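# Observations on chain architecture
Spelled out from the first residue to the last, the chains are:
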Amino acid sequence: MMEEEELEFVEELEAVLQLTPDVQLAIEQVFPSQDPLDRADFNAVEYINTLFPTEQSLANIDEVVNKIRLKIRRLDDNIRTVVRGQTNVGQDGRQALEEAQKAIQQLFGKIKDIKDKAEKSEQMVKEITRDIKQLDHAKRHLTTSITTLNHLHMLAGGVDSLEAMTRRRQYGEVANLLQGVMNVLEHFHKYMGIPQIRQLSERVKAAQTELGQQILADFEEAFPSQGTKRPGGPSNVLRDACLVANILDPRIKQEIIKKFIKQHLSEYLVLFQENQDVAWLDKIDRRYAWIKRQLVDYEEKYGRMFPREWYMTERIAVEFCHITRTELAKIMRTRAKEIEVKLLLFAIQRTTNFEGFLAKRFSGCTLADGSLKKLESPPPSSNPFLEDEPTPEMEELAMEKGDLDQPKKPKAPDNPFHSIVSKCFEPHLYVYIESQDKNLGELIDRFVTDFKAQGPPKPNTDEGGAVLPSCADLFVYYKKCMVQCSQLSTGEPMIALTTIFQKYLREYAWKILSGNLPKTTSSSGGLTISSLLKEKEGSEVAKFTLEELCLICSILSTAEYCLATTQQLEEKLKEKVDVSLTERINLTGEMDTFSTVISSSIQLLVQDLDAACDPALTAMSKMQWQNVEHVGDQSPYVTSVILHIKQNVPIIRDNLASTRKYFTQFCIKFANSFIPKFITHLFKCKPISMVGAEQLLLDTHSLKMVLLDLPSIGSQVVRKAPASYTKIVVKGMTRAEMILKVVMAPHEPSVVFVDNYIKLLSDCNTETFQKILDMKGLKRSEQSGMLELFRQRLPTPPSGPEGPGSLSLLAPTPEQESSRIRKLEKLIKKRL
């Protein structure tokens, strides 16, 4: 029983002493210890085994036990000291708490005493200041009353004086007094419920009404609507009356201005009636000369009568513009058949000059008043790269120099009077458009005639192919028409002019550019009887002369210039036209036409060089390669190909120096045409001996190096060929080299030969493999076994008909297409 109780005690003690991991970690951080007895996972058995690892170590067990007992006694002493020290802690804490509570009670009592004293002080201050507040309120009310009485006295006296001065027409004094009365009356708005104040307000309104009617009567008397008699100079009474009108209802001011301007321009309507000879467009200068004299006359006689802020001179000019626009529109509708282009342009020019004169003289601030609506200006461009637009003369000069590549910022119209009169000409601009259509047609015909008379341009080897001067003349004329038309209208006439531009851009492309390209006897991918006859008779293939090559390059450069300039022309037209019409301007079709001319020119150059190399390739295919006994220098046909390349390419490169990208296109297209043709002729070289294959491999390598150097051949400045071109040459000529390496390989054992072919050429086409066997000179009986083995060794294509193997077997290769064409040629030759 004792043992069980001891075990239960130990278990309870262990449960009590079991600490959480967080507490244990905190203890280890505060009291770090390396003693195993202090560890949370202490194991007595492991500890004893540590002390006595062997039986021999049990000899000093007494010493170890004594040390442990000594340590236990020290721990007991420490625990006893700590327990005794904590005996009086609770009593000391209770005593400190009681002292703190007493201190809080004392502090609360002091705070209450201070609050009572503050309330008594506040009450005392209120009693002292009560009388002072009453005095302040009384002073404020008294001040307000005195101010209001003074305002009332001023208002009453002012109204009386205003009525008296109005009757005596003392407008100078009335202007100053009326403004003061109006200002004073504003202070009585909240007192309008008082009858006397309301009566004074009504008297002021009556005085204003009487003043307005009286001033209008005075102006009617001074400037009667009927007749043209005018006083000799301005009246001081009327000048002061204008000052009063500034204070009155704005309708009075507007009525004065309207009547004065109408009376001032009444003579104009009489002099330039529709039935008068001076009213027609040929004498439009007289209208503008008349208004200029009237403005000078107004400044001399009435300039000081009206206030400066009325802008009377500008208002007269603006009203004149509206009347003139209406009258011109009326007379042009009546006599529309008499309008000629020169007469119309003369009238428009004089009118736009007059509008420019108005812009220099006036600010245009009155255009936003009433019915004189200011013309809206187009929104500013958001393109940060556009620059200020130069004058038309500067634009033409830039066009002649070819500096249209720089984008130009659309010029915001700084002329507020733009189209204020000239808008009336817009319905009749069809005359101008028809005239430009006729002029451009004559210009294109002149270009054709001049080209035939002057002949093709001179060969140019210094600065690149010369651009035909006619294209610069065309676009300069386009620019002039566009600027001129945009000054007349930015609406439908600009769309009609754009249509005319499109028409003659296409005509220029076909008549001047495409129409003057040298003609060839055969086209790409086709045959003609004449070409076959020449080849049959052994004649040399016709080549372009030096002048013809330069002409093709010149036409290509001109088409490239026209393409870029047409794109700029489209942008400029969109800037000039109304925003709502920009979508209708599209010159993409014309740009495509020039792109077609460029492609045709490049194709002609490629065909010419390609045709020049054909005899050499034919000679290569007719050589007896099985009889070649030793490998020497490059073969004569290679020398011939290189000679033709060195003759043509430097000329083309020098004449396309200004358009390097199209020279690169020429090189790429020539490589894409020549290399497949070379491989086709290579397959015709059969049978081939080992030495013959080595010679062909040497020739192929020589051609490969020449083609890689093609862009800079014959040039003093060596440039690295474009990567796109180099990739095409390396890929195509490497295939030719691989073909020859397969031919050079022994065909026994057959499995090794077939695997080598598949590895080198990666071509699963049976026809190609059979051509290789033909080149090796194998008999048909030997070929059948090789072909069967080839089909067996082919890699298994992916499932489905879309695998690359099936495509390779079904789709004809370029060599197959070329072979078919050659068979067709032979068939036609036999029949001929």
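See the structure shown above.
Residues numbered from 1 in each chain as written. Predicted model: local features only at pLDDT ≥ 70, side-chain atom pairs only at ≥ 80, totals over all residues. Heavy atoms only, no water.

## Some points on the overall build of the protein chain
Along the protein chain, the regular secondary structure elements total 29 helices and 0 strands. Counting all 832 residues of the protein chain, 38% fall into the buried class. Pairs at least 24 apart in sequence give 80% of the contacts found in the protein chain among residues at least 6 apart. Of the roughly 49400 Å² of accessible surface on the protein chain, 55% is carried by carbon and sulfur atoms. (Helix = DSSP H or I, 4+ residues; strand = E, 2+ residues; numbered from the N terminus. Buried < 20%, exposed > 50% of the residue type's maximum accessible area, 1.4 Å probe, protein only. Contact = heavy atoms within 4.5 Å. Areas by Shrake-Rupley, 256 points an atom, 1.4 Å probe, with all protein chains shown as cover.)

## Regarding the side chain of Thr324
Positionally, Thr324 belongs in helix α12 (residues 312-334). Owing to a relative accessible area of 0%, Thr324 belongs among the buried residues under this scheme. In terms of polar contacts, Thr324 uses its side chain to reach the side chain of Tyr268, at 2.9 Å. (Polar contact = N/O pair within 3.5 Å; in protein donor to acceptor, adjacent residues only side chain to side chain.)

## Brief notes about the packing of aromatic side chains
For the structure on display, the rule yields 23 aromatic pairs. Considering the side-chain rings of Phe670 and Phe674, the 5.5 Å spacing of their centres and the 20° angle between planes classify their relative orientation as stacked. With Phe670 and Phe674 both in helix α22 (residues 660-684), this residue pair falls 4 residues apart, about one helical turn. Residues Phe674 and Phe678 carry aromatic rings whose centres are separated by 6.2 Å and whose planes lie at 20° to one another, so their mutual orientation is stacked. Taken together, the residues Phe674 and Phe678, both in helix α22 and 4 residues apart, mark about one turn of the helix. Grouped by ring-pair contacts, the aromatic residues Tyr268, Phe272, Tyr288, Trp290, Phe320, Phe354 and Phe357 constitute a single cluster. Directly above the ring of Phe357 sits Lys292, whose terminal nitrogen or CZ lies 4.8 Å from the centroid. Over the ring of Trp280 we find Arg335; its NZ or CZ atom is 4.0 Å from the centre of that ring. (Phe/Tyr/Trp six-rings, centres within 6.5 Å; stacked < 30°, edge-to-face > 60°. Lys NZ or Arg CZ within 6 Å of the ring centre and 35° of its normal.)

## What about the pattern of salt bridges?
Applying the stated rule across the entire model yields 22 salt bridges. The partner of Lys301 in a salt bridge is Asp297, with the nearest N and O atoms 3.5 Å apart. Linking Lys301 with Asp297, this pair stays in helix α11 (residues 284-302), spanning 4 residues, or about one helical turn. Here the residues in one salt-bridge network are Asp277, Asp282 and Lys283, joined through shared partners. (Salt bridge = Lys/Arg side-chain N within 4 Å of Asp/Glu carboxyl O.)

## Digging into the environment of Ala693
In this structure, Ala693 sits in helix α23 (residues 690-708). Exposure remark for Ala693: the relative accessible area of 1% places this residue in the buried category. Along the backbone, Ala693 and Val742 are 49 residues apart, and their C-alpha atoms lie at a distance of 9.6 Å. Beyond its immediate stretch of four places on either side in the chain, Ala693 contacts Ile688, Leu740, Val743 and Met744.

## A look at the packing of helix α21 (residues 636-655) against α23
With their axes 10 Å apart at the nearest point, α21 and α23 run at an angle of 10° to one another. One way to sum up the angle between α21 and α23 is to call them roughly parallel. Seen from α21, the contacting residues are Tyr637, Val638, Val641, Ile642 and Ile645; seen from α23, they are Leu696, Asp699, Ser702, Leu703, Val706 and Leu707. (Axes fitted to C-alpha atoms, helices over the stretch in contact; angles between N-to-C directions. Parallel < 35°, antiparallel > 145°, perpendicular 65-115°, else oblique.)

## Concerning helix α9 (residues 250-264)
When the terminal C-alpha atoms of α9 are compared, their 21 Å separation across 15 residues agrees well with the 21 Å that a helix rising 1.5 Å per residue should span. Residues of α9 that are buried: Ile252, Ile256, Ile257, Phe260, Ile261, Gln263 and His264. Each buried residue of α9 sits inside an arc of 165° when the element is viewed along its axis, so together they form one side. Opposite the packed face of α9, turned more than 90 degrees from it, sit the exposed residues Pro250, Arg251, Gln254, Lys258 and Lys262. Next to the buried residues of α9 lie α7 (195-222), α8 (236-247), α10 (266-271), α11 and α12. (Expected span 1.5 Å × (residues − 1). Arc of directions from axis to C-beta.)

## Observations concerning a nonpolar patch on the surface
A surface patch of nonpolar side chains, about 470 Å² in accessible area, is lined by Leu19, Val23, Ile27, Val30 and Phe31. Relative to the assigned elements, Val23 resides in helix α2 (residues 21-30). (Patch = residues over 30% accessible without salt bridge, like charges linked within 9 Å, V, L, I, M, F, W, Y side chains within 5 Å.)

## Notes on α11
Along an α-helix, residues three or four apart share an orientation, since each turn contains 3.6 residues. A rise of 1.5 Å per residue sets the reference length of α11, with its 19 residues, at 27 Å; its end C-alpha atoms lie 27 Å apart and thus fit the reference within 8%. Within α11, the full set of buried residues consists of Ile284, Arg287, Tyr288, Trp290, Ile291, Gln294, Leu295, Asp297, Tyr298 and Tyr302. For α11, the secondary structure elements touched by its buried residues are α9, α10, α12 and α13 (341-361).

## What to know about the state of the cysteines
Scanning the entire structure with this criterion turns up 0 disulfides. Unpaired in terms of disulfides, Cys481 finds its nearest cysteine sulfur in Cys485, a separation of 8.5 Å. Judged by relative accessible area, which is 3%, Cys481 ranks as buried. (Disulfide = S-S within 2.5 Å.)

## As for unusual backbone geometry
The amide bond that connects Lys686 to the next residue, Pro687, takes the cis arrangement and shows omega of -10°. Take Pro687: it is sitting in the loop between α22 and α23. Positioned with a positive phi, Tyr311 is a non-glycine residue whose angle comes to about 50°. Inspection of the secondary structure puts Tyr311 in the loop between α11 and α12.

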